[in-house]
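Coordinate analysis (summary)
The primary structure of each chain is shown beneath.
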Amino acid sequence: MNKPKMKSFTEPKTVTDYPLGATCPSDHITSINAGWRTYRPVIDQEKCVLCMRCFLVCPDGVIDKSSDRLEIDYDFCKGCGVCAYECKPKAIKMVKEAEFNG
Ligand code: SF4
Ligand code: SF4
C-alpha cells in the first residue's frame, strides 16, 4: 500500500490554487473504496453551473476539476452525500449502487 505523502500547507488565494481532487495525492486516502458504498453521487452535467461548491466541500477531495466538467473518482468516493446536499442547483443526485446502470 502506498503511504500518503505529507505536504506543507499553503493558503489558497483563488479556486485554482486548490488541489485537483483525485488527480493529486489527497494525503489521507490510501486505498480504493472496497465496495461498501450504498449511494453514489451522479452529476447532471446539464444542470451543473460549475460553481465548484461540491469540489470545495468534498471531505475526501475526490472531485476532479482538471477538465471542462467535473468528474467524481468513484474509486475513492465514499458516498457521504455532502456534495449533493451542498449543490444549490440540485445537479448531483445520490443513486443507490444497486440501481445504478451507468
Ligand atoms: S455544486 Fe453542483 S452546480 Fe456546483 S459545481 Fe458541483 S455539481 Fe456543479
Ligand atoms: S459523496 Fe462524499 S466523498 Fe463522494 S464526491 Fe460527494 S462529498 Fe465527496
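A short tour of the structure in this document, coming up.

Moving on: the overall build of the protein. Summing up its helical and strand segments, the protein has 2 helices and 4 strands in all. Taken as a whole, the protein presents about 7200 Å² of accessible surface, with 54% of it coming from carbon and sulfur.

Take the packing of aromatic side chains next. What the rule picks out here adds up to 0 aromatic pairs. Over the aromatic face of Y74 sits the side chain of R40, whose NZ or CZ is 4.2 Å from the ring centroid. Seen from the ring of F100, R40 lies directly overhead, with NZ or CZ sitting 4.1 Å from the centre.

So, about the side chain of D60. As for its position among the elements, D60 is in the loop between α1 (53-57) and β2 (63-64). For D60, a relative accessible area of 12% gives the class buried. For D60, the side chain forms a polar contact with the side chain of K78, separated by 3.3 Å.

Another point: the site of ligand 1. Around ligand 1, the neighbouring residues are C48, V49, L50, C51, M52, R53, C54, L70, C87, P89 and I92. For the shell around ligand 1, the per-class residue count stands at 10 nonpolar, no polar and 1 charged.

This part takes up a nonpolar patch on the surface. Together, V15, Y18 and L56 make up an exposed nonpolar region whose accessible area comes to about 240 Å². By relative accessible area, which is 33% here, Y18 ends up partly exposed.

This part takes up the pattern of salt bridges. Per the counting criterion, the structure on display carries 5 salt bridges. R37 is the salt-bridge partner of E97, the closest N and O atoms lying 2.7 Å from each other. Residue E97 is found in the segment after β4 (92-96), and its partner R37 is found in the segment before β1 (39-43); the two are separated by 60 residues along the sequence. Judged by its relative accessible area of 22%, E97 falls in the partly exposed class. The class for R37 is buried, based on a relative accessible area of 9%. Residues R40 and E97 are paired through a salt bridge, measuring 3.0 Å at the closest nitrogen-oxygen approach.

Rules behind the numbers
Residues numbered from 1 in each chain as written. Chains lettered and ligands numbered in written order. Predicted model: local features only at pLDDT ≥ 70, side-chain atom pairs only at ≥ 80, totals over all residues. Heavy atoms only, no water. Helix = DSSP H or I, 4+ residues; strand = E, 2+ residues; numbered from the N terminus. Areas by Shrake-Rupley, 256 points an atom, 1.4 Å probe, with all protein chains shown as cover. Phe/Tyr/Trp six-rings, centres within 6.5 Å; stacked < 30°, edge-to-face > 60°. Lys NZ or Arg CZ within 6 Å of the ring centre and 35° of its normal. Buried < 20%, exposed > 50% of the residue type's maximum accessible area, 1.4 Å probe, protein only. Polar contact = N/O pair within 3.5 Å; in protein donor to acceptor, adjacent residues only side chain to side chain. Near = heavy atom within 4 Å. Nonpolar A, V, L, I, M, F, W, Y, C, P; charged D, E, K, R; others polar. Patch = residues over 30% accessible without salt bridge, like charges linked within 9 Å, V, L, I, M, F, W, Y side chains within 5 Å. Salt bridge = Lys/Arg side-chain N within 4 Å of Asp/Glu carboxyl O.

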